[in-house]
Structures are given as structure tokens and as C-alpha cells.
Amino acid sequence: MMAAREVDILIIGSGFSGLTMAMEARRRGFADIAILEKADDIGGTWRENTYPGVACDVPSHLYSFARHLNPDWSTSYAGGNEIWMYMRNVARDEGLFELCHFGQTMQSARWTGSRWQVETVEGQKWSARVLVSGIGALHIPLIPDVPGFFSFPGPSFHSAEWEHDLNLTGKHVAVIGTGASAVQFIPEIAKTAAHVTVFQRTAPYVLPRPDGPIRTWMQRLHHWLPFLPRLRRYVIFNLFEIRHAMFMGKPWAVNGAMKMWRKELERSIDDPQLQDVLTPPYQIGCKRVLSSNDWYPTLARKNVTVLPAGLNGVSYKTLTASDGTEVEVDVVIWGTGFHVTDSLASIDITGENGLTLQDSWKDGLQAHLGTTNAGFPNLFFLLGPHTGLGHNSVVLMIEAQVAHVCRMLDAMRQQGIDAIAPRPEAQVAFEQEIQARLNDSVWQAGGCVSWYQDENGRNPTLWPGTVREYQRRMKRSGLEQYQPAKAE
Ligand code: NAP
């Protein structure tokens with residue numbers, strides 16, 4: 001039998017979370033680190049999502065590693081490939097590729113009293129003192145089960161599994177869904193497809209954004225005056241923090257956003273009936289607020305039809321919408337999002353006394369400070385429950401988490417503590433506080449159903465406060481939040 005490879009810190013995933021963790025742990029003097037990555041390259045979301053128009057809806061100077069600001073961003077909102085190349089450059093400069101074990105998917109992890117025993121689908125065994133999950137929540141494509149879809153003869157694929165060899169020019173295409181991904185790729189495919197039929201079950205709020213190329217002279221300036229990208233990041237961060245007020249229902253912020261949205265809709269769409277169809281039936285902020293300058297102009301095109309309905313059934317090439325409309329298409333593209341709350345809970349992890357993650361989360365996902373779970377010593381979730389955001393960049397949440405985790409590991413080293421898990425009462429208090437704050441929030445009471453919620457309507461996904469509040473809280477929290485793990 002193959003012996004387990006021993007390592008101090010084992011990180012799962014090499015997206016923003018995994019790479020940030022590896023970088024910071026090294027800076028703190030933890031040298032014995034390995035990263036397991038299921039694919040053959042680093043990059044997470046930005047390696048996987050390659051659909052036309054893929055870009056980040058957070059400005060690039062904010063959506064960057066704090067220690068590796070990029071003076072060369074070519075546009076205000078960089079495309080997916082540019083972000084991926086940036087991540088690869090950072091990983092190369094930091095020597096992180098050497099830590100990566102590609103083609104290794106974690107299958108299970110078991111706490112054995114002092115260490116995590118990890119097995120991969122591909123058959124590797126690992127033994128680690130500390131296990132860090134950087135797997136994120138938006139990577140398992142969700143394709144709804146639509147009656148009769150098996151009879152559809154044409155190509156069909158999910159936005160995260162784009163078929164680049166398929167030329168959509170002159171094709172009749174149906175897109176199911178109008179979330180963040182569809183809002184980015186529909187304007188691109190509508191340029192060449194014969195016709196695009198959009199199945200819009202629920203209209204999103206889509207706001208304009210200050211997008212555009214960053215000129216070469218400005219990039220040069222960023223090189224000469226390195227404080228400039230940092231200043232830019234600081235300003236964008238603070239502007240985005242102000243957006244939190246909209247999610248808290250502050251009238252000045254809600255009214256301002258609604259005015260901006262309506263102006264953009266009316267500027268692009270003349271037809272009052274289509275304006276009605278594109279008017280969301282819930283409070284702004286309840287679902288993720290999207291940003292695009294070409295969404296509404298695209299829907300006004302002659303070769304685009306918006307059906308205000310979900311997809312109900314398929315019979316050969318004919319798709320039937322929930323309002324009974326029938327449409328014949330050549331290609332179906334699913335813009336239907338990802339398994340979110342169920343993807344984390346499905347990981348096979350067993351903590352102290354045989355407690356499984358599924359048992360621990362039978363009443364819903366939770367994690368103390370969004371990062372640790374009672375009964376699971378030395379296991380840290382990056383972008384775990386309650387760390388998602390509606391208003392700002394999650395990169396800053398990851399950085400706050402990683403700084404906290406590294407500080408805890410350092411304190412343990414200094415005090416000779418091998419393993420910690422959160423105090424159950426601290427975790428209960430945290431969860432009660434977060435749920436109470438979320439209960440009255442727009443995400444829970446704004447009149448929508450969203451992927452932020454689980455099947456019981458509980459919201460295990462979002463952080464209700466500002467990023468600054470989370471940063472402060474993570475900074476102030478120390479070992480008093482934890483208890484040493486009991487030896488078994
Ligand atoms: P999503 O936001 O979950 O959107 C899924 C869409 O599919 C929704 O419009 C949903 O409608 C629709 N849908 C699901 N089942 C359907 C059915 N049976 N019939 C018709 N419509 C159906 O997924 P996504 O667009 O892939 O985005 C997921 C998340 O990824 C985003 O919220 C964001 O966090 C992230 N993302 C980020 C960026 C970025 O730039 N940072 C870009 C892309 C994605 P309902 O609204 O009615 O449920």
C-alpha cells in the first residue's frame with residue numbers, strides 16, 4: 001500500500017483562496033505546504049470559465065492580490081483570460097507552482113486525533129496537520145432536469161463548459177437563465193447568431209459601469225508611481241463599501257440605484273412591453289445586482305427575443321416555455337449557475353469522534369467567523385459559509401480570512417498548541433447573530449428566491465456587514481475563540 005505523504009499544511013484548490021493561503025503561510029515561515037488541484041493548472045474560476053465575454057464584475061485594481069497589485073491591467077474590468085494570466089504570473093513569481101500537485105481531487109479527509117488523512121480520487125494519500133479548503137462554491141455546473149430534454153438532437157452545454165469548437169454563427173440559440181454569466185455571454189453570441197431566445201425566469205437588475213481601456217501612458221504611470229495602483233484600489237474599495245447601504249435598504253442608496261437602473265433601461269429599450277418584462281419583481285439587491293453596459297442594448301436587438309418564462313419542456317428541437325410559448329432552436333446554452341449550498345456540504349470530511357460534515361451541517365451550513373467548524377480541528381474554510389458578498393470584492397474577504405488563519409497558526413506554534421477548533425458556544429453565538437442580521441435583510445425579505453439560500457430558505461452564504469467590519473472582526477479575534485483539540 002502506498003504510504004501517505006506527510007505535509008504540515010495541505011491546501012485544496014489553487015484559485016485566489018488557495019494561492020493567497022500558500023503565499024501568506026510561507027511569509028509566516030510555514031515552509032512545508034502542498035496544494036492539491038483537480039485540474040492541470042492553477043486558476044480556479046478563471047481557468048474554468050472561458051465563455052465569450054467572461055470578465056470580472058469587480059474592477060481589476062480591486063480584484064487583485066493585495067501584495068501583487070498589477071500596474072498593467074488593460075481595462076477597468078479585466079476579462080477572464082487576463083485575470084487567469086495574472087494569477088499564473090503571481091504563482092510563478094511566488095514559486096507556487098512547485099507546491100501544486102495537479103490532477104488530484106480530494107475525495108475524503110479524516111481527522112485521526114492529531115492529523116488529517118486525505119485521499120484523492122486518483123489514489124494519492126496525504127497526511128497533514130492543517131487542512132485548508134480553498135475550493136470555492138461556484139464550480140459544479142447546475143443543469144436543471146427538464147422533461148424531454150433527452151430528445152434534443154443539437155449541441156447543448158453549460159456556460160462553464162463552453163464548446164469553443166462550435167461556431168454559433170447563423171444558429172438559432174436558446175439561452176436558459178439571466179444570471180451573472182448569461183449577462184456577459186449573451187451580448188457576445190448575439191453578434192453572430194441568427195437568433196437568440198432568452199428564457200428569463202426572473203429579471204435581474206443590471207446597472208451600467210464605468211468600463212473602458214486603461215491607456216498605455218496610465219499603465220506606465222502605474223509602474224513609475226507604484227502607490228497609484230494602491231491608491232486606485234483604496235478608492236474603489238471605499239466606493240464599493242458605500243454600496244453596502246443599498247443592501248441595508250438606506251433610502252438614498254436604494255433610490256439612487258433604482259434611478260440609475262431605470263435610466264439605463266429606458267435609454268436602451270423603447271418598447272414599454274419589453275421594459276415591463278425586464279423589470280425585476282423584487283427589491284433591488286435581493287438577487288445579485290449585475291453590471292453591464294451592453295445587456296439592455298443587446299435585448300433590444302432584432303435577433304434577440306426575451307421570453308419572460310422558464311424552460312418547461314423539450315420535444316426534439318422544440319422548447320416549451322412555462323407560459324406555453326414554443327420555439328425551435330439548434331443549440332441550447334445553460335446559464336443556470338452552480339450547485340452552491342449543496343456543493344460544500346457534499347464533501348466527505350470526518351472530524352472528531354466520527355462527526356461528519358454532513359451531520360454537523362444537517363440544519364444548514366455554518367462556520368465560525370465563516371472559517372472554522374466545531375468538531376473539525378485545524379480545518380479552515382476559505383470563502384466558507386457567510387463570507388459571500390453582494391457589494392464588494394471577495395478577494396478582500398479571502399485576505400482577511402487568510403491573515404486570521406496564519407495568525408492563529410503562528411500563535412499555536414508559539415504556545416505549543418498542535419490543534420484547535422472553535423469553541424462551540426462561540427460558533428453558536430456567531431451563527432445566531434448572523435442569521436438575526438440576515439433575517440430582515442433584502443436578501444431574505446426582498447421578495448426573491450436566490451442561490452444565496454438553501455433548500456429551506458436559510459441564507460448560509462452571505463456576510464451581512466461591510467468588508468471593513470469583517471476585516472476588523474477577523475483581526476480582533478484570537479485564540480480565545482478556539483479550544484485545543486482533545487487527543488483521541
Ligand atoms: P446564477 O446567477 O445562479 O443564474 C442562474 C440563472 O439561471 C438565473 O437567471 C435563474 O433564474 C436561471 N435558471 C435556473 N434554472 C432555470 C430554469 N429551469 N429555467 C429558466 N431559468 C433558470 O448563475 P451564473 O450566472 O452562472 O452566476 C453564478 C454566480 O457566479 C454569480 O452570481 C456570481 O457570483 C458568479 N459570477 C461572477 C461573475 C463576475 O464577474 N464576478 C461572472 C459570472 C458569474 P432565477 O433567477 O429565476 O432562479
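Residues numbered from 1 in each chain as written. Predicted model: local features only at pLDDT ≥ 70, side-chain atom pairs only at ≥ 80, totals over all residues. Heavy atoms only, no water.

Undergrad: Can you break down the nonpolar core residue by residue, with the values?
TA: Of all hydrophobic cores here, the largest spans 109 residues; its most connected members are Phe16, Met21 and Ile333. In terms of residues, this core owes the most to one element, helix H13 (residues 394-415), which gives 12 residues. Mapping this core onto the domain boundaries places at least three of its residues in each of domain 1 (5-42 + 96-140 + 339-484) and domain 2 (149-204 + 243-334). With residues up to four places along the chain from it excluded, the contact list for Phe16 reads Trp46, Tyr63, Ser64, Phe65, Ile83, Tyr86, Met87, Val395 and Ile398. Counting 24 residues, the second largest nonpolar core, distinct from the first, contains Leu344, Leu357, Phe376 and Leu379. (Core = buried A, V, L, I, M, F, W, Y, C linked by side-chain atoms within 4.5 Å. Buried < 20%, exposed > 50% of the residue type's maximum accessible area, 1.4 Å probe, protein only. Helix = DSSP H or I, 4+ residues; strand = E, 2+ residues; numbered from the N terminus. Domains from an automatic or database assignment. Contact = heavy atoms within 4.5 Å.)

Undergrad: Kindly report on the sheet that holds strand E15 (residues 326-328), identifying the contributing residues and their values.
TA: Judged by pairing direction, the sheet is antiparallel, and its three strands sit side by side in the order E13-E14-E15 without closing on themselves. Each end of this open sheet is capped by a strand with a single partner; those strands are strand E13 (311-315) and E15. Strand after strand, the sheet turns through a mean of 25 degrees between neighbouring axes, direction not considered. Bridging between E13 and strand E14 (residues 318-321) involves four bridges; their strand directions are antiparallel. Note on E14: the bridge partner recorded for Gly313 is Thr320. (Pairing = 2+ DSSP bridges. Axes fitted to C-alpha atoms, helices over the stretch in contact; angles between N-to-C directions.)

Undergrad: Outline H13, listing residues and values.
TA: Spanning 22 residues, H13 covers 32 Å between terminal C-alpha atoms, matching the ideal 32 Å at 1.5 Å per step. Just past H13, the residue Gly416 takes up positive phi, approximately 65 degrees. (Expected span 1.5 Å × (residues − 1).)

Undergrad: Can you lay out the sheet that holds strand E8 (residues 172-176) for me, pointing to particular residues and giving the numbers?
TA: The parallel open sheet is built from five strands, whose spatial order is E7-E16-E8-E9-E12. The two strands at the open ends of the sheet, each matched to only one other strand, are strand E7 (156-158) and strand E12 (304-307). In this sheet, neighbouring strand axes are inclined to one another by 20 degrees on average, regardless of whether the strands run parallel or antiparallel. As defined by bridge partners, strand E9 (residues 195-199) adjoins E12 across four bridges and the pair is classed as parallel. Bridge pairing links Thr197 to Thr305 in E12. In the packing of helix H4 (residues 180-189) onto the sheet, the strands contacted are E8, E9 and strand E16 (331-334), and the crossing angle to E8 comes to about 170 degrees.

Undergrad: Summarise the pattern of salt bridges; cite the residues concerned and give the values.
TA: Enumeration according to the criterion identifies 28 salt bridges in this entry. Of the charged contacts, one joins Asp348 and Arg110 as a salt bridge, the two residues approaching to 3.5 Å between their closest N and O atoms. Here the residue Asp348 occupies a position in strand E17 (residues 348-350), and Arg110 occupies one in strand E4 (residues 106-111), the gap between them amounting to 238 residues. A residue is classified by how much of its surface remains accessible, and Asp348, at 30% relative accessible area, is partly exposed. Via salt bridges that share partners, Glu24, Arg27, Arg67 and Glu94 belong to a single interconnected network. (Salt bridge = Lys/Arg side-chain N within 4 Å of Asp/Glu carboxyl O.)

Undergrad: Help me get a handle on the side chain of His61, residues and values and all.
TA: If you trace the backbone, His61 turns up in the loop between helix H2 (45-48) and helix H3 (80-93). Look at His61 and you get buried, because its relative accessible area is 4%. If we skip the residues at most four places from it in the chain, His61 touches Asn70, Trp73, Ile214, His222, Pro229, Arg232, Arg233 and Ile236.

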